[in-house]
Amino acid sequence: MAKIKATKNYLKRLTKIEDFIFEQTSSIEELQKFHAEHDRIIEFIKQNPTTPAPHPNTGDQSWPFSNGRYRLFFKLVKGDEDTVYLLDAIDNRMVNIEVYPDNSMPSYEIDH
């Protein structure tokens, strides 16, 4: 089983996601659901760090969770004790310009 280490960027992004969930729902229960799913995926990655293939350009790996709403980015470093570095996380309901620079928020006008 691999050891997990969270980077500063990962922890910062996790806080942004938590804030976004709470701003959208005002629900502690929704935050608890997110954390339960997050804990489940961390455990999966600890036990299966080589399951997702590394990205051909960036070398990182990613795994979706919560029916694809969220995605966790990480990098496995093999050694005497394999270590998984958590690099980033995204909520696909957010724009995520840093990860997807070509994203935009669709806009529309309502005809009356």
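The structure displayed is predicted, hence computed values, not measured ones.

**Quick word on the sheet that holds strand 1 (residues 3-6)**
Strand pairs in the sheet, formed through backbone hydrogen bonds, run parallel or antiparallel to each other.
Here's step 1: Within the open sheet, the four strands sit side by side as 1-4-3-2. Their pairing is mixed. The sheet is open, and its two borders are formed by strand 1 and strand 2 (61-65), each paired with just one other strand. Direction aside, neighbouring strands of the sheet carry axes that sit 35° apart on average.
Here's step 2: Sheet analysis places strand 3 (residues 70-77) next to strand 4 (residues 83-91), joined by eight bridges and oriented antiparallel. Bridge pairing in strand 4 places Arg71 opposite Ile90.
Here's step 3: Contacting strand 1, strand 3 and strand 4, helix 1 (residues 8-25) crosses the sheet at an angle of about 30° to strand 4.
Here's step 4: Those strands touched by helix 2 (residues 28-47) are strand 1, strand 2, strand 3 and strand 4, and its axis lies near 140° from that of strand 2.

**Here's the deal with the nonpolar core**
Here's step 1: If you look at the biggest cluster of nonpolar residues, it comprises 18 residues, and the most contacted ones within it are Tyr10, Phe34, Leu72, Val84 and Leu86.
Here's step 2: For this core, the element with the highest residue contribution is helix 2, accounting for five residues.
Here's step 3: Setting aside chain neighbours within four positions, we find Tyr10 in contact with His38, Ile42, Leu72, Leu86, Leu87, Asp88 and Ala89.

**Some remarks on the environment of Arg13**
Here's step 1: With respect to the helices, strands and loops of the structure, Arg13 is situated in helix 1.
Here's step 2: Separated by 74 residues in the primary sequence, Arg13 and Leu87 have C-alpha atoms spaced 9.2 Å apart.

**What to know about helix 2**
Here's step 1: Between its terminal C-alpha atoms helix 2 stretches 29 Å, which fits the 28 Å expected from 20 residues at 1.5 Å a residue.
Here's step 2: Among the residues making up helix 2, those that are buried are Leu31, Phe34, His38, Ile41, Ile42 and Ile45. End-on, the buried residues of helix 2 take up no more than an arc of 105°, which puts them together on one face. Those residues of helix 2 that are exposed and aimed more than 90 degrees away from the buried face are Glu29 and Gln32.
Here's step 3: Packing partners of the buried residues in helix 2 comprise strand 1, helix 1, strand 2, strand 3 and strand 4.

**Describing the pattern of salt bridges**
Side chains bearing opposite charge may pair, as long as their charged atoms lie close to each other.
Here's step 1: This model, assessed by the stated rule, comprises seven salt bridges.
Here's step 2: Of the charged contacts, one joins Lys33 and Glu30 as a salt bridge, the two residues approaching to 3.2 Å between their closest N and O atoms. Separated by three residues within a single helix, Lys33 and Glu30 lie in helix 2, roughly one turn from each other.
Here's step 3: Across the pair Arg40 and Glu37 runs a salt bridge, and its minimum N-O distance is 3.1 Å. Residue Arg40 and its partner Glu37 are both found in helix 2; the two are separated by three residues, about one turn of the helix.
Here's step 4: Take Arg40: its relative accessible area is 44%, and that puts it in the partly exposed class.
Here's step 5: When its relative accessible area of 25% is taken as the criterion, Glu37 is described as partly exposed.

Criteria and thresholds
Residues numbered from 1 in each chain as written. Predicted model: local features only at pLDDT ≥ 70, side-chain atom pairs only at ≥ 80, totals over all residues. Heavy atoms only, no water. Pairing = 2+ DSSP bridges. Helix = DSSP H or I, 4+ residues; strand = E, 2+ residues; numbered from the N terminus. Axes fitted to C-alpha atoms, helices over the stretch in contact; angles between N-to-C directions. Contact = heavy atoms within 4.5 Å. Core = buried A, V, L, I, M, F, W, Y, C linked by side-chain atoms within 4.5 Å. Buried < 20%, exposed > 50% of the residue type's maximum accessible area, 1.4 Å probe, protein only. Expected span 1.5 Å × (residues − 1). Arc of directions from axis to C-beta. Salt bridge = Lys/Arg side-chain N within 4 Å of Asp/Glu carboxyl O.

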